[in-house]
Amino acid sequence: RDVYKRQVRTPSRGELDLIGESEVLTSGHKTTTLGLPVTARATGDGRMDSERLMAYELGYRWRPTTAFGIDLALFYNDYQELRTLEYSNLRMELDPYPRWVLDVTPDNRLKGQTYGFDLVVDWRPGKDWRLQAWYSPDATRSNRRDCASG
């Protein structure tokens, strides 16, 4: 059996238009923040793209007897435009009160791949017995797209 799938996740309204602020706890860091609170400001900019997945799977099932069988499946998944959170430099704002502000904006700067295989051995030694063992190693790679490369 072989399978080829294409899946897309569209950005949510929050990722596109959200504007919100939240105070970040700074206890223990009063010296680095000069005693001022730190505010994280989430701002969606409406430019996020949809995340995309191209998934490939190839498998084979072999059952030489009714009591014994083997399944093998190879897979490769290619992810593009995965969601990231981008942080601005910390800056001071005085209005409405003195505080540090850190802008947090969603973007699509990550891509990655996963690949591996699944091996399942199925043995039925009796009418009411079924034993299965499986082995499923996989690997993951990811790369961040920097601002300069677009």
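Everything below is about the structure shown above.
All of these numbers come straight from a predicted model, not from anything done at the bench.

Asks: Where do I start with the overall build of the protein chain in this structure?
Replies: Of the regular secondary structure elements, the protein chain holds one helix and nine strands. Each helix (α) and strand (β) of the protein chain, taken in turn from the N terminus, gives the series β-α-β-β-β-β-β-β-β-β. In terms of overall dimensions, the protein chain is more spread out than a globule: its C-alpha atoms have a radius of gyration of 25 Å, far above the 15 Å expected for 150 residues. Counting across all 150 residues of the protein chain, residues that qualify as buried make up 25%. Here the protein chain displays about 10700 Å² of accessible surface, and carbon together with sulfur accounts for 57% of that area. When the 22 positive and 22 negative side-chain charges of the protein chain are each reduced to one mean point, those points stand 4 Å apart.

Asks: What am I meant to see in the packing of aromatic side chains here?
Replies: By convention here, two paired aromatic rings are described through the distance between centres and the angle between planes. The full count for this structure, using the stated rule, is three aromatic pairs. Ring pairs connect the aromatic residues Tyr4, Tyr56 and Tyr76, which therefore count as one cluster. Positioned above the aromatic ring of Tyr97 is the side chain of Arg99, whose terminal nitrogen or guanidinium carbon lies 5.0 Å from the ring centre.

Asks: I tried to follow unusual backbone geometry on my own but got confused; where do I start?
Replies: Residue Pro96 is reached from Asp95 by a cis peptide bond, and omega for that bond is 5 degrees. Locating Pro96 in the fold gives a position in the loop between β6 (91-93) and β7 (99-126).

Asks: Is there a simple way to think about the environment of Leu74 in this case?
Replies: Along the polypeptide, Leu74 turns up in strand β5 (residues 68-87). Spatially, the C-alpha atom of Leu74 lies 6.6 Å from that of Asp118, the residues being 44 residues apart in sequence. The contacts of Leu74, once residues within four sequence positions are left out, are Tyr56, Glu57, Leu58, Gly116 and Phe117.

Asks: Looking at this structure, I do not really get the pattern of salt bridges. What am I missing?
Replies: Scanning the entire structure with this criterion turns up 19 salt bridges. Ionic pairing is found between Arg83 and Glu15, a salt bridge with its closest N-O pair at 2.6 Å. In this pair, Arg83 is assigned in strand β5 and Glu15 in helix α1 (residues 13-17), connecting sequence segments 68 residues apart. When the shortest N-O distance is used, the salt bridge between Arg124 and Asp122 registers 3.2 Å. Residue Arg124 is classed as partly exposed on the basis of its relative accessible area of 31%. According to the relative accessible area criterion, Asp122 is buried, its value standing at 3%. What you see here is one network of salt bridges that share partners, running through Glu21, Arg41, Arg91, Glu93, Arg99 and Asp103.

Asks: Can you walk me through a nonpolar patch on the surface in this structure?
Replies: On the surface, Tyr4, Tyr56, Tyr76 and Tyr115 cluster together into a nonpolar patch covering about 400 Å² of accessible area. Tracing the sequence through the fold places Tyr115 in strand β7.

Asks: For this particular structure, what's the right way to read the side chain of Glu93?
Replies: Of note, Glu93 is situated in strand β6. Taking the relative accessible area as the measure of exposure, Glu93 reaches 18% and is therefore buried. In terms of polar contacts, Glu93 uses its side chain to reach the side chain of Arg41, at 3.0 Å. Dropping the residues within four chain positions of it, Glu93 is found in contact with Arg41, Pro98, Arg99 and Val101.

The rules behind each value
Here the residue numbering is sequential within each chain, running from 1 through the sequence in written order. Thresholds applied to this predicted model are a pLDDT of at least 70 for local features of residues and 80 or more for the giving and counting of side-chain atom pairs; totals over whole chains, interfaces and linings are not thresholded and use all residues. Excluding hydrogens and water, the side-chain values take into account all heavy atoms of the structure. What counts as a helix is a DSSP run of H or I of at least four residues, what counts as a strand is a run of E of at least two, and both are numbered from the N terminus. Using C-alpha atoms as the atom set, the radius of gyration is obtained and then compared with a globule rule of 2.2 Å times the number of residues to the power 0.38. With a 1.4 Å probe rolled over the protein chains alone, any residue whose accessible area is under 20% of its type maximum counts as buried; one over 50% counts as exposed, and the rest are partly exposed. Computed with a 1.4 Å probe, the accessible areas rest on the Shrake-Rupley method; for each residue, only the protein chains presented here act as cover. For the purpose of counting charges, residues Lys and Arg are taken to be positive, whereas Asp and Glu are taken to be negative. His and the chain ends are not included. Charged groups are reduced to one reference atom each: NZ for lysine, CZ for arginine, CG for aspartic acid, CD for glutamic acid. Paired rings are identified among Phe, Tyr and Trp, the last through its six-membered ring, by centres lying within 6.5 Å, and are further divided according to the angle between planes into stacked (under 30 degrees), edge-to-face (over 60) and tilted (the rest). Sitting over a ring, as applied to charges here, requires NZ of Lys or CZ of Arg to be within 6 Å of the ring centre and within 35 degrees of the ring normal. Here, two residues are considered to be in contact whenever any of their heavy atoms come within 4.5 Å of each other. What counts as a salt bridge is simple: a side-chain nitrogen of Lys or Arg found within 4 Å of a carboxyl oxygen of Asp or Glu. Patches draw on residues past 30% relative accessible area with no salt bridge. Two like charges within 9 Å are joined, as are two nonpolar side chains (Val, Leu, Ile, Met, Phe, Trp, Tyr) within 5 Å. Polar contacts here mean pairs of N or O atoms no more than 3.5 Å apart (in protein, one a potential hydrogen donor and the other a potential acceptor; neighbouring residues in sequence count only if both atoms are side-chain atoms).

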